[in-house]
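Each chain, letter by letter, is given below.
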Amino acid sequence: MGRVRDAIESVIEGKSESVNLALVVLLAEGHLLVEDVPGVGKTMLAKAIGRSIDSSVRRVQFTPDLLPSDITGVSVFNQETRDFEFKPGGIFANIVVGDEINRASPKTQSALLESMEERQVSVDGTTYRLQLPFMVVATQNPIEMEGTYPLPEAQRDRFMARIEMGYPTPKSELDMLESHGASDPLRSLQPVTDARTVLGLIQAVKDVYVAPAIKEYIVAVINSTRNTPDLRLGASPRATLQLLRASRAYAALAGRDYVSPDDIAALAVPVLSHRVLPSTDAQLARRAVGDVVAERLRSVPIPQAN
């Protein structure tokens, strides 16, 4: 995975933290939500992940006229065989890039729910299994909200983590001019591993040890979001499971076979902030949801080593 990280960073300049979180989500069998302004490399990040692990990548541009069948696929009558045959939709790939997901209607957005949770698609009474590894990387533009359909809480909760790419530093932007100015480095990006190896790594991550005290710490952090006047909706039980899975992947990427409290602290904001809703008072005070989650994290005592 270190080689995968290096390959992606040869394309994405100066975004080590975002790249690392994307790999955490991949190893933890989650999905990634990227919210940021246009042109900061959201789609390129997803494509670089797919190319570096030699897997299939499909990009779906979400628009108001996109239909659910465009995502899942459709059964088409074949005149030669006199029977219906299934034509797979955009969801049938290892890495699925959903560009500007909030521009499609809620009906089309909901077509993603079964595939994201169960890794399968049901069409006309038949269930089709998706390729593994499978990861949805959805992007949202926080500006130009006219004509968009905000993601419902149930769908946001299915994304393991939310990240923001942010603008590059002046040095990184200068390096970008050197590497991207004449050609697209994504075209020359060569795979450094394959999907089968990544599947083995995903299974290995599940063996990372989580001490009982760490599990209690995770539950305490989640419960702290449910018992504060700053949030009118706390984190769900799904968030508890995904924080645990993400912490295992985070520890493995750091070269450890055990989870530490620092792993939980590093992941709490990207894993929880998109799942909770601020209270009216917090909104009036212009408090960012990430700041509220970070404050709740600090309020929970850190487990001490025995």
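Asker: Can you break down the overall build of the protein chain residue by residue, with the values?
Answerer: Regarding its fold elements, the protein chain presents 14 helices and eleven strands. The C-alpha atoms of the protein chain give 20 Å as radius of gyration, which agrees with the globular expectation for 306 residues (19 Å, within 12%). Dimensions of the protein chain along its principal axes, counting C-alpha atoms only, are 70 × 45 × 40 Å. By the burial criterion, 50% of the 306 residues in the protein chain qualify as buried. Of all intrachain contacts in the protein chain linking residues separated by at least 6 positions in sequence, the fraction that spans at least 24 positions is 76%.

Asker: An account of the packing of aromatic side chains is needed here, citing residue identities and associated values.
Answerer: Summed over all chains, the structure comprises three aromatic pairs. Centroid distance F77 to F84: 5.3 Å. Interplanar angle 70°. Geometry classified as edge-to-face. Judged by relative accessible area, F77 falls into the partly exposed class, the value being 36%. Relative to Y128, the ring of F86 has its centre 4.0 Å away and its plane inclined at 10°; by these criteria the two rings are stacked. Pair noted here: F86 is in strand 4 (residues 83-88) and Y128 is in strand 7 (residues 126-129), with a separation of 42 residues, a long-range link. You can call Y128 partly exposed: its relative accessible area is 22%.

Asker: Report on unusual backbone geometry, specifying residues and quantitative values.
Answerer: Looking along the chain, the bond that leaves L132 and enters P133 is cis, with omega of -5°. Relative to the helices and strands, P133 is located in the loop between strand 7 and strand 8 (135-140). Despite not being glycine, D54 shows a phi value in the positive range, around 50°. Mapped onto the fold, D54 is located in the loop between helix 3 (42-52) and strand 2 (57-61). A positive phi angle, near 60°, is found at R286, a position not held by glycine. Turning to its location among the elements, R286 is positioned in the loop between helix 13 (280-284) and helix 14 (289-298).

Asker: Give me the pairing of strand 4: which residues, what numbers.
Answerer: One ladder, built from six bridges, connects strand 3 (residues 73-78) with strand 4; its direction is antiparallel. Among the inter-strand pairings, S75 is bridged to a residue of strand 4, identified as F86. Remark: four residues form the turn of the hairpin made by strand 3 and strand 4, two consecutive strands paired antiparallel; R82 in that turn has positive phi of roughly 55°.

Asker: Can you break down the pairing of strand 6 (residues 120-123) residue by residue, with the values?
Answerer: Bridge count between strand 6 and strand 7: four bridges; the pairing is antiparallel. Across the sheet, V121 pairs through a bridge with Y128, a residue of strand 7.

Asker: Describe in detail the confidence of the model for the protein chain, supporting the description with residues and values.
Answerer: Within the protein chain, residue pLDDT values average 86, and 96% of them lie at 70 or more. Looking over the protein chain, one finds the lowest element-wise mean pLDDT in helix 8 (residues 170-180), namely 75, and the highest in helix 11 (residues 237-253), namely 94.

Asker: Could you give me a rundown of the pattern of salt bridges, with the residues and numbers involved?
Answerer: Where charged atoms of side chains with opposite charge meet at close range, the side chains can pair. Inspection of every chain in the model, using the stated rule, returns 13 salt bridges. In this structure, R158 engages E117 in a salt bridge whose closest nitrogen and oxygen atoms are separated by 3.9 Å. Of this pair, R158 sits in the loop between helix 7 (153-156) and strand 9 (161-163) while E117 sits in helix 6 (residues 113-118), placing them 41 residues apart in sequence. For R158, a relative accessible area of 17% translates into the label buried.

What counts, and at which threshold
- Residues numbered from 1 in each chain as written.
- Predicted model: local features only at pLDDT ≥ 70, side-chain atom pairs only at ≥ 80, totals over all residues.
- Heavy atoms only, no water.
- Helix = DSSP H or I, 4+ residues; strand = E, 2+ residues; numbered from the N terminus.
- Rg over C-alpha atoms; globule rule 2.2 N^0.38 Å.
- Buried < 20%, exposed > 50% of the residue type's maximum accessible area, 1.4 Å probe, protein only.
- Contact = heavy atoms within 4.5 Å.
- Phe/Tyr/Trp six-rings, centres within 6.5 Å; stacked < 30°, edge-to-face > 60°.
- Pairing = 2+ DSSP bridges.
- pLDDT = per-residue confidence, 0-100.
- Salt bridge = Lys/Arg side-chain N within 4 Å of Asp/Glu carboxyl O.

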